[in-house]
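Next come the chains, spelled out residue by residue.
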Amino acid sequence: MNKQTKAIGPFKQLLSMSNLPLKGALQDEQLEVLEEVGILVKDGVIVEILPFTTLQDKCKNEAIPLEYLEGNYTAMPGMVDVHTHICWGGARARDYAMRVAGKPYLEIAKAGGGIWDSVQKTRAASEAILTEKVVQRANKLLQNGTTTIEVKTGYGLTVADELKMLHSIHQANSKVSADLVPTCLPAHIVPKDFEGDGMAYVEHLLHDFFPKVKAKKLSNRADIFVEESAFNHTQARIYLTGVQAMGFDITIHADQFTAGSSLLGVEFKAVSVDHLEASTAKEVAALAQSDVIPVALPGASLGLGCAFTPARKLLDAGTSLAIATDWNPGSAPMGDLITQAAILGAFEKLSMAETLAGVTFRAAKALNLTNRGRIAAGQLADIVAFPTADYREILYYQGQLRPSFVWKEGIKC
Ligand code: NIG
Ligand code: FE
């Protein structure tokens, strides 16, 4: 890590995302858009944002190195992708072909495709191969402006294979500039090894998997897919009670096809509930009374050809909202946060402030991280610069305007 003090600029515009609330609807007028400014960084952390001419003088007088940017750029905080499954082996183009030809997702799973297919291929992959895959995918996200990436397990579904996935994620974390945040998702589906006995599998995880994860400090987050094809509410309650008692933060794949499981998120004070494509007014109202962060996954809606998360209704009810890629080999193969966030915004009528908040500080909060997601003194210098003098173009081009530069803790990636 470069411990030097340094300056970066100039930026035609800088979206600080400062002074915006964690919850509720936002209007673009609330965005702080600074013009002709630069950023002073020390030890990877933002010291201050100054008018560029002032910063230039300071650099001259105090012999501070300046990373001078030729051209017109708009800076915003490095994005945070709070929901990915980028640790997997194999590919599932066959599933996609069947889906677009009309076969439903759950039927494809019953016919030997789906999550179980990826489980077999991930079990067959070595830790080194999986690590390489995570590195490649994380670097693609990073290039496109994402500096913090959550990564789930969930394609191992044995103690050894889930631990292998966690080790790969940690290995990859040491090889990429982005921060990778590992989440345990051993309760993705009931593995065939347990012959449909979900309760026995949950008990096995609580006794034989999570204590190891905790002892080795491999993750402090636990996820579960609550759905007819995965785990029911009774099994989920046992699982959530167990992991919570061990100190894991909870996140849930909720209300993807059937409404109701997000209410478990409220009951267990989950950090986030993700998907919510099937949520009704009842779930929206309950979430609005809680601190749980709803996470929209437009990539899964696009990959499955189904409804978007009711983001507008959630925000109007007063919830926060994060937007993530759900990048995985099945339901969401695209893995492009800015494209998906822009499309969700267009369909759900989100202000640019709401969409950008959903991929920055509101997303960071869904990972319990408060040291990133805004460009402000004391925040990590995780910054992305787009080649434009008008911040609105970032979403306007729906993903086709790519970042020119990405900095992770002040270092250009
Ligand atoms: O978030 N819904 C469950 N899990 C993933 C899909 C994983 C897969 O199809 O491989 C999701 O969409
Ligand atoms: Fe997912």
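Note that the structure is a prediction, hence the values are computed from the model and not measured.

### Some remarks on the domain arrangement of the chain
Here is step 1 of the chain: Considered domain by domain, the chain is made up of domain 1 (6-77 + 373-412) and domain 2 (79-365).
Here is step 2 of the chain: Domain 1 and domain 2 are separated by 30 Å when their C-alpha centres are compared.
Here is step 3 of the chain: Between domain 1 and domain 2, the residue contacts involve 31 residues of the former and 35 residues of the latter.
Here is step 4 of the chain: Approximately 2,700 Å² of surface area, both sides summed, lies buried where domain 1 meets domain 2, with 67% of it carried by carbon and sulfur atoms.
Here is step 5 of the chain: Between domain 1 and domain 2 we count 3 salt bridges in total.
Here is step 6 of the chain: A salt bridge links R402 to D336; its shortest N-O distance comes to 2.7 Å.
Here is step 7 of the chain: On inspection of domain 1 and its partner domain 2, the count reaches 17 residue pairs in polar contact (both at pLDDT 80 or more).

### Thoughts on the coordination of the iron ion (ligand 2)
Here is step 1 of the chain: At the metal site, the iron ion (ligand 2) is ligated by H83 (NE2), H85 (NE2), H253 (NE2) and D326 (OD), and these contacts range over 2.1 to 2.3 Å.
Here is step 2 of the chain: In primary sequence terms, the donor set of the iron ion (ligand 2) follows H-x1-H-x167-H-x72-D. In this pair, H253 sits in strand 10 (residues 249-254) while D326 sits in the loop between strand 13 (322-323) and helix 13 (337-348), placing the two residues 73 residues apart along the sequence. Side by side, H253 and D326 carry an identical accessibility label, which is buried.

### Section: unusual backbone geometry
Here is step 1 of the chain: Here the residue pair G9 and P10 is connected by a cis peptide bond, since its omega of 0° sits within 30 degrees of zero.
Here is step 2 of the chain: Phi angles above zero are rare outside glycine, and N19 is one such case at about 60°.
Here is step 3 of the chain: The residue N19 is located in the loop between strand 1 (5-15) and strand 2 (33-42) in this model.
Here is step 4 of the chain: For N19, a relative accessible area of 70% translates into the label exposed.
Here is step 5 of the chain: Located in the positive-phi region is D326, a residue other than glycine, with phi close to 60°.

### Here we look at the sheet that holds strand 9 (residues 221-225)
Here is step 1 of the chain: Overall, parallel pairing links the 8 strands, which are arranged 6-7-8-9-10-11-12-13 in an open sheet. Taken across any chain shown, the strands that pair with only one partner, and hence form the sheet edges, are strand 6 (79-81) and strand 13.
Here is step 2 of the chain: As paired strands, strand 6 and strand 7 (residues 146-152) are joined by 3 bridges and run parallel to one another. By the bridge assignment, V80 is partnered in strand 7 with T148.
Here is step 3 of the chain: Helix 8 (residues 233-245) contacts strand 8 (179-187), strand 9 and strand 10 of the sheet and is inclined by roughly 175° relative to strand 9.

### Quick word on the pattern of salt bridges
Here is step 1 of the chain: One pass over the full model with this rule turns up 24 salt bridges.
Here is step 2 of the chain: E107 is paired through a salt bridge with K103; the nearest N and O atoms lie 3.8 Å apart.
Here is step 3 of the chain: Note that D179 is salt-bridged to R372, the shortest N-O span being 2.8 Å. Pair noted here: D179 is in strand 8 and R372 is in the loop between helix 15 (361-366) and strand 14 (383-386), with a separation of 193 residues, a long-range link.
Here is step 4 of the chain: Assessed through its relative accessible area of 22%, D179 is described here as partly exposed.
Here is step 5 of the chain: In this structure R372 comes out as buried when scored by relative accessible area, which is 9%.

### Remarks on the site of ligand 1
Here is step 1 of the chain: Residues in close proximity to ligand 1 total 15 residues, the closest being Y105, Y155, H188, Q256 and S331.
Here is step 2 of the chain: H85 is positioned such that a nitrogen or oxygen atom in its side chain is 3.4 Å from an oxygen atom of ligand 1.
Here is step 3 of the chain: Between Q256 and ligand 1, the recorded distance is 2.7 Å, taken from a side-chain N or O atom to a nitrogen atom.
Here is step 4 of the chain: In terms of residue class, the shell around ligand 1 is built from 4 nonpolar, 9 polar and 2 charged.

### Let's talk about the packing of helix 7 (residues 198-215) against helix 8
Here is step 1 of the chain: Closest axis-to-axis distance for the helix 7/helix 8 pair is 9 Å, and the angle between their directions is 10°. Overall, the two elements helix 7 and helix 8 adopt an arrangement that is roughly parallel. Together, G198, M199, V202, E203, L205, L206 and F210 of helix 7 and T234, Q235, I238, Y239, G242 and V243 of helix 8 make up the contact between the two elements.
Here is step 2 of the chain: Looking at the contact of helix 7 with helix 8 residue by residue, the classes come out as 8 nonpolar, 4 polar and 1 charged.

Criteria and thresholds
- Residues numbered from 1 in each chain as written.
- Chains lettered and ligands numbered in written order.
- Predicted model: local features only at pLDDT ≥ 70, side-chain atom pairs only at ≥ 80, totals over all residues.
- Heavy atoms only, no water.
- Domains from an automatic or database assignment.
- Contact = heavy atoms within 4.5 Å.
- Buried area = accessible area lost by both parts, 1.4 Å probe.
- Salt bridge = Lys/Arg side-chain N within 4 Å of Asp/Glu carboxyl O.
- Polar contact = N/O pair within 3.5 Å; in protein donor to acceptor, adjacent residues only side chain to side chain.
- Donors = N, O, S within 2.8 Å, 3.2 Å for Na, K, Ca; no water.
- Helix = DSSP H or I, 4+ residues; strand = E, 2+ residues; numbered from the N terminus.
- Buried < 20%, exposed > 50% of the residue type's maximum accessible area, 1.4 Å probe, protein only.
- Pairing = 2+ DSSP bridges.
- Axes fitted to C-alpha atoms, helices over the stretch in contact; angles between N-to-C directions.
- Near = heavy atom within 4 Å.
- Nonpolar A, V, L, I, M, F, W, Y, C, P; charged D, E, K, R; others polar.
- Parallel < 35°, antiparallel > 145°, perpendicular 65-115°, else oblique.

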